[in-house]
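Single-letter residue listing:
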Amino acid sequence: MLILDGNKLSTIIRKEISDKVRTFCKTDIRPPHLAAVLIGENPASQAYVRNKIKACEEVGFASTLIKKPESTTEEEVIKIINKLNLDKEIDGFIVQLPLPRHIDEMKVNLAINPEKDVDGFHPNNFGRMALGIPAFHPATPSGIMMLLDRYKINTDGKNCVVLGRSNIVGTPISILMSKKTTPGNATVTIAHSRTSNLKEICANADIIIAALGIPNFVKSDMVKNNAVIIDVGINKIDDHDSSKKYRLVGDVDFENVKHKVSAITPVPGGVGPMTITALLDNTWKAYSKTIK
Ligand code: NAD
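Each value, and the rule that gives it
Residues numbered from 1 in each chain as written. Predicted model: local features only at pLDDT ≥ 70, side-chain atom pairs only at ≥ 80, totals over all residues. Heavy atoms only, no water. Near = heavy atom within 4 Å. Areas by Shrake-Rupley, 256 points an atom, 1.4 Å probe, with all protein chains shown as cover. Helix = DSSP H or I, 4+ residues; strand = E, 2+ residues; numbered from the N terminus. Nonpolar A, V, L, I, M, F, W, Y, C, P; charged D, E, K, R; others polar. 1 Å grid on protein atoms, 1.4 Å probe; cavity = no way out; pocket = protein on both sides within 12 Å on 5 of 7 lines; lining within 4 Å. Points joined across faces, edges and corners; volume = space filled by probe spheres on them. Polar contact = N/O pair within 3.5 Å; in protein donor to acceptor, adjacent residues only side chain to side chain. Contact = heavy atoms within 4.5 Å.

K.L.:
Looking at this model, I keep getting lost on the site of the ligand. Mind explaining?
P.N.:
In the neighbourhood of the ligand, 21 residues make up the surrounding shell, with R165, S166, H192, V232 and T275 lying closest. In isolation the ligand offers 850 Å² of accessible surface; the protein chains occlude 72% of this area. Examining the composition of the shell around the ligand, we find that 3 residues originate from one element, helix α10 (residues 271-287), more than from any other. Among the residues forming the shell around the ligand, the class breakdown is 10 nonpolar, 10 polar and 1 charged.

K.L.:
What should I look at first to understand the layout of surface pockets in this one?
P.N.:
Rolled over the atoms, a probe as big as a water molecule pinpoints where empty space is left. Approximately 560 Å³ is the volume found for the second largest pocket. Lining the second largest pocket are 28 residues, with A135, H137, S142, M145 and K285 positioned closest to its centre. For the lining of the second largest pocket, the secondary structure elements donating two or more residues are α1 (6-24), α5 (123-131), α6 (139-150) and α10. The greatest single-element share of the lining of the second largest pocket, amounting to 5 residues, is contributed by α6. Tallied by class, the residues present in the lining of the second largest pocket amount to 12 nonpolar, 7 polar and 9 charged.

K.L.:
How do you make sense of the side chain of S174 when you look at a structure like this?
P.N.:
By secondary structure assignment, the location of S174 is in helix α7 (residues 170-178). In this structure the side chain of S174 is engaged in a polar contact, spanning 2.6 Å, whose partner is the backbone oxygen of T171. Setting aside residues no more than four positions away along its own chain, S174 makes contact with V162, V188 and I190.

Below you can see the structure in the form of structure tokens.
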């Protein structure tokens, strides 16, 4: 059984990005610059943004954090976005989700200049991705594709079951896995909360990509021998033995599933770090204007 180590692979890819920055920015050319907009005090969002900013520093990118209180209005957020859209020093930016309830996420998303949309959530990028033309791909699916690619996991002609149909993970990864690409070329089934006979569907899968947000949902008896398991879930569960009183687990019952499979991502240390690496990669692409 192979552990698909997102930490190890991220270190390698981030080193490649930092080498490119060092080579390209030898003279007085400014480095790539990512901005992050954080509204409110959600602790998980604060941690995610902190990790993104830290990753920027590691690879030599400039970064800007725009932090505003929970009470910020939709109009104010759109103003911030308009300013970032016009700022020539900023190559790409993200608006950390979820936003407070009084702010319409889709309106915010639509306000972002697609050429700076390094999260790949704008319909321009999403549509381009679906059509298979150059685009920013959402970071988590893009990180999964990098992981499959670098670990040389054969996806061609395989049955791939995606658990979850969210706009940020399930739907885009199902599109990417079905494209005529490598990795890709898979026969994809998208399962969701209304899917019946899920156990049978999963038992037939060569590849399972679990993105439900339900701790340890995928059990050993749902998994075929030698399947490849990509666990996207990040769930906090109580752990009284830990100093933090909680620990993170995925959507897959890792301890019982790992003996049966050919490859599996751990949680933490699998898809999570790859998501940030994919965001850095998108920012590099925005900077080097490779996107047409
Ligand atoms: P979401 O809540 O938006 O979507 C969950 C999906 O699961 C829905 O489409 C729903 O239909 C489906 N679902 C729910 N119950 C189901 C069931 N019993 N059977 C089949 N499908 C079911 O979640 P999301 O934003 O896609 O995130 C999913 C998980 O991935 C969460 O744990 C989240 O924290 C994690 N996540 C991790 C990363 C990362 O970088 N590793 C990034 C994004 C999300």
